[in-house]
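These are the residues of each chain, in order.
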Amino acid sequence: MRNAILPIVATIWALGAAADTKYEIPALQIATGTGSVQAVHRKVCVAGKNIHLSLSVTTPSRVTFPLGGAATRLATGAGVDCRTTVDAAADFRVLAPDGRVLWERKGVRKGVRHEVKADLTGLDSVTLEVSGPAGVMAAWTRPYFFFADGQFPPYDVRHHSPQLGILTPPESPLPRINGPIVYGVRPGHPVLYRVPVTGEKPVKVRMEGLGALEGLENLVFDGEKRILSGSIEKSGEYPITIVAENARGKAEKRFTIKVGDKIALTPPLGWNHWNCFGWKVTAENIRSAADALDKSGLAEHGYSYVNIDDFWQNSHNPAGSAHELRGPERNEDGTVNSNANFPDMKGLAAYIHSKGFKAGLYSSPGPTTCGGCTGSFGYEAQDAKIYAEWGYDYLKHDWCSYGNVAEGTGLERAMKPYRIMGKALRDQNRDIVFSLCQYGKDDVSVWGEKVGAQCWRVVGDIFDMWGRISYAANCLKGVWMNSAPGSWNDADMLCVGCGLWNEFKGSRLAPNEQYTHMSIWALAASPLLIGCDLEKLDDFTMSILRNDEMIDIDQDPLGQAASCIVDGKSHEIWARPLVDGSIAVGLFNKGLSPCEITFDMTAAGMDGAWKVRDVWRQKDEGVARGIYKMNVYGHATHLVRFIPGADAKLRVRDIRDNAYAHPEEVRSLPAVGAKPSAGCKRCDIADT
Ligand code: GLA
């Protein structure tokens, strides 16, 4: 099955240089109406098709959306839900505030879906009306509002709450060694690690313990480039001390190389091309991204993967967007062909490696990728081998067309293709992080590890709209218990910095929302894969991405993702334990207006006095005991680290025990065909 992002995106392409941008239907609370609105984002059945993301209503119904004069048009479908038990027709109308009919269909019965297009230019509001005998279930399917470029809907958080500016302080001149404190590699496989360091230049870096420890003879540290490379034959733990010195001082960090079966011991940090270059990507874009990762200074905060997404292979789209990338799938011996934009996959990986970064690519277990390029179905072993020969370190494997060839039932149907590729990758003589793109379906979080993966998408596609961020946060609530070193729930690429495919001038997320996005991803121990064009980073985006204390939470070696311990209507509180005994907490204001959030530490099990560190501002706030309160702007998240004081005590075994599942209960794999765990089901509302 194709992911629905493509139809959406295809629309954007078709529009070319569109002068407006598309917004999902706003949350129910911003609509005012009479009659019954069953749900927004409900799956409905119209004209024999199940359609997600709909506004489901029962006659008589009038739903009004404020537009503030900024909207340009409405696009939606209209029809009677197949499941309605009332055998009657309904009338659908789109009305301007003065009662003018903008669109109308009378006597609509089950079995038909009408396409609705209405010009909204200059209107203060619009009303969607369905009339007829009482009790007809009707739906406005996949409704979208378009707003003039750069204009935000009136319910946008910018209209209701002050916005946070740059919070991350300027980089300290003192040396700081950033990034994770553990690195996993399999015996005999290549090690490649570039030490991320900040501080006044020049900073000299050395590694103590390399020469002294038995087994590390084949490791070399290039002090100039700060790149550690080589290999280690014997399994075990190898502690090294990294020392960084400059004119202002000295920093030391204990860094452990763990040689064994597990890799990706902390969530991958890096960049992926999809959100900014889409199908138009070229090898040149990838090289420039590697250069920019370096030049921008982001590499000094630990970002190290440079990942190619879809469209490096030849395309099989018969026409349309990527037809110029058409070509033979494979050569005579079955080796997959890269397309004309990627003439030298091996050279590209070598270039990325030369900077101390890791290289990633993308495929599908099905015959074609989501974009219609060559997938790996039937060629898994051969593909894995060539990826390794080329030198790639990461594979994102995207379900997409596999649905057309899948056999079997239940979980086994979903696990099978990944198990095959997982084994093929494992058979190579280099480590290749295996990342499943399964959109949270089929309970992937529970079995991802069993098929040899290190990360798995637990959400549909995320883009720079609030609805997608809050949707992802909801999905994460049900999967935290499956997070562990080498096993990561992936909440999709980051949407700070730019909108999807650079069509839009910046992220459409408000600043507060970008803080929530990053805070929740870090709390959830999600991979942090930057999605924006690294050559066009503004100061705000840079400040968000380079906050080392936020990154430290994401990279905490315990690998225990936060759970949502308070799941309120107006706010949520997320918490996770960290390796040093401190607790990371996010106070997330779900509302549009500022509100005071109270964290009842005692109820959460935190007794005594805890030092509070404001993570985004990198500042101590003081000491909290019993209750912690903070005024949080609309859609923002206040991210803090509670550090235990002398009399502090955690009364519960795990701060996350307040949430709704117990780790051990869910980590064991359910039998094939078993009911998926409660949390993942909510993600089925993804627009796929
Ligand atoms: C799917 C994935 C995206 C991206 C595209 C590429 O939609 O979810 O992340 O990889 O495919 O076509």
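Residues numbered from 1 in each chain as written. Predicted model: local features only at pLDDT ≥ 70, side-chain atom pairs only at ≥ 80, totals over all residues. Heavy atoms only, no water.

Turning to the overall build of the protein, a few remarks are in order. A tally of helices and strands in the protein yields 14 helices and 36 strands. With 688 residues in all, the protein has 60% of them scored as buried. In the protein, 73% of the contacts between residues at least 6 apart in sequence involve partners at least 24 apart. When the accessible surface of the protein is totalled, it reaches about 25,400 Å², and 52% of it is carbon and sulfur. (Helix = DSSP H or I, 4+ residues; strand = E, 2+ residues; numbered from the N terminus. Buried < 20%, exposed > 50% of the residue type's maximum accessible area, 1.4 Å probe, protein only. Contact = heavy atoms within 4.5 Å. Areas by Shrake-Rupley, 256 points an atom, 1.4 Å probe, with all protein chains shown as cover.)

Mapped onto the secondary structure, Asn 337 falls in the loop between strand 20 (305-307) and helix 4 (345-354). The exposure class of Asn 337 is buried, given its relative accessible area of 18%. A polar atom in the side chain of Asn 337 sits 3.5 Å from the backbone oxygen of Arg 330. Non-local contacts of Asn 337, meaning those with residues more than four positions away in its chain, are made with Gln 313, Asn 314, Pro 328, Glu 329, Arg 330 and Asn 331. (Polar contact = N/O pair within 3.5 Å; in protein donor to acceptor, adjacent residues only side chain to side chain.)

Most of strand 29 (residues 583-589) sits out of view: seven of its seven residues are buried. Side chains of strand 29 alternate between two faces, with Ile 583, Val 585, Leu 587 and Asn 589 and Ala 584, Gly 586 and Phe 588 buried alike. Bridge count for strand 28 (residues 571-577) against strand 29 is seven bridges, and the pairing is antiparallel. Directly across from Glu 572, in strand 29, lies its bridge partner Phe 588. Looking at chain direction, strand 29 and strand 35 (residues 637-644) are connected through six bridges and run antiparallel. Directly across from Ile 583, in strand 35, lies its bridge partner Phe 642. (Pairing = 2+ DSSP bridges.)

Pairing in this open sheet of three strands is antiparallel, and the strands run 12-16-15 from one edge to the other. Strands with a single pairing partner mark the edges of an open sheet, and in this sheet they are strand 12 (191-194) and strand 15 (219-222). Here the strands of the sheet are splayed against their neighbours by 15° on average, with no regard to which way each runs. Summarising the sheet, strand 12 and strand 16 (residues 227-230) pair through four bridges and their orientation is antiparallel. Bridging from a neighbouring strand, Tyr 193 pairs with Leu 228 of strand 16. (Axes fitted to C-alpha atoms, helices over the stretch in contact; angles between N-to-C directions.)

Here we come to the site of the ligand. The ligand sits among 15 residues. The nearest are Asp 309, Asp 310, Lys 396, Arg 457 and Asp 461. For the ligand, an oxygen atom lies 2.7 Å from a polar atom in the side chain of Asp 310. Take Asp 461: an N or O atom from its side chain is 2.6 Å from an oxygen atom of the ligand. Protein chains shield 100% of the accessible area of the ligand, which is 300 Å² for the free molecule. Counted by class, the shell around the ligand contains seven nonpolar, two polar and six charged residues. (Near = heavy atom within 4 Å. Nonpolar A, V, L, I, M, F, W, Y, C, P; charged D, E, K, R; others polar.)

On to the environment of Ala 473, then. Residue position: Ala 473 is located in helix 8 (residues 466-476). Ala 473 gets classed as buried once you look at its relative accessible area, which sits at 4%. Between the C-alpha atoms of Ala 473 and Thr 516, which are 43 residues apart in sequence, the distance is 9.5 Å. Residues in contact with Ala 473, not counting those within four places in the same chain, are Ile 520 and Trp 574.

Before going further, it helps to examine the nonpolar core. Counting 141 residues, the largest nonpolar core has Tyr 303, Trp 312, Tyr 387, Tyr 392, Phe 599 and Phe 642 as the members making the most contacts within it. Aside from chain neighbours lying at most four places away, what touches Trp 312 is Val 336, Ser 338, Asn 339, Phe 342, Met 345, Leu 361, Tyr 362, Tyr 387 and Trp 390. Ranked by size, the runner-up nonpolar core spans 33 residues in total, among them Phe 65, Ala 96, Trp 140 and Tyr 155. (Core = buried A, V, L, I, M, F, W, Y, C linked by side-chain atoms within 4.5 Å.)

In this section: the pattern of salt bridges. Considering all chains together, one arrives at 44 salt bridges under this definition. A salt bridge links Arg 186 to Asp 261; the nearest nitrogen and oxygen atoms lie 3.8 Å apart. One end of the pair, Arg 186, is in the loop between strand 11 (182-185) and strand 12; the other, Asp 261, is in the loop between strand 18 (249-259) and strand 19 (269-272), with 75 residues separating them in the sequence. A salt bridge links Glu 549 to Arg 613; the shortest N-O distance between them is 2.5 Å. Taken together, the residues span a long stretch of sequence, with Glu 549 in helix 11 (residues 548-554) and Arg 613 in strand 32 (residues 609-614) at a distance of 64 residues. Residue classification places Glu 549 among the buried positions, given a relative accessible area of 16%. Classification of Arg 613 as buried rests on a relative accessible area of 19%. Salt bridges here are not isolated pairs; linked through shared partners, they connect Arg 194, Arg 226, Asp 291, Asp 294, Glu 300 and Lys 355. (Salt bridge = Lys/Arg side-chain N within 4 Å of Asp/Glu carboxyl O.)

For the rest of this paragraph, the subject is the sheet that holds strand 11. Across the sheet, which stays open at both edges, the four strands sit in the order 11-18-17-14 with mixed pairing between neighbours. Taken across any chain shown, the strands that pair with only one partner, and hence form the sheet edges, are strand 11 and strand 14 (204-208). Sheet twist, expressed as the average angle between the axes of neighbouring strands with direction ignored, equals 25°. Alignment of strand 14 against strand 17 (residues 236-246), held across five bridges, turns out to be antiparallel. Bridge pairing links Arg 206 to Val 243 in strand 17.

The subject of this paragraph is the packing of helix 3 (residues 283-295) against helix 4. Packing of helix 3 against helix 4 leaves a shortest axis separation of 10 Å and a crossing angle of 10°. With respect to each other, helix 3 and helix 4 are oriented roughly parallel. Where helix 3 approaches helix 4, its residues Ala 283, Ile 286, Arg 287, Ala 290 and Asp 291 are matched on the opposing element by Gly 347, Leu 348, Tyr 351 and Ile 352. Tallied by class, residues from the contact of helix 3 with helix 4 come to six nonpolar, one polar and two charged. (Parallel < 35°, antiparallel > 145°, perpendicular 65-115°, else oblique.)

What follows deals with the state of the cysteines. A full pass over the atoms with the stated rule returns two disulfides. Here Cys 45 connects covalently by a disulfide to Cys 82, the sulfurs 2.1 Å from one another. Taking the sign of the S-S torsion, -90° for the link of Cys 45 and Cys 82, the bridge is left-handed. Here Cys 82 lies in the loop between strand 4 (71-80) and strand 5 (90-95) and Cys 45 lies in strand 2 (residues 32-46), a separation of 37 residues in the sequence. On the basis of relative accessible area, Cys 45 is assigned to the buried category, the value being 12%. Note on Cys 82: relative accessible area 26%, which makes it partly exposed. Listing the disulfide partners of the protein by sequence rank of the bonded cysteines yields 1-2, 3-4. (Disulfide = S-S within 2.5 Å.)

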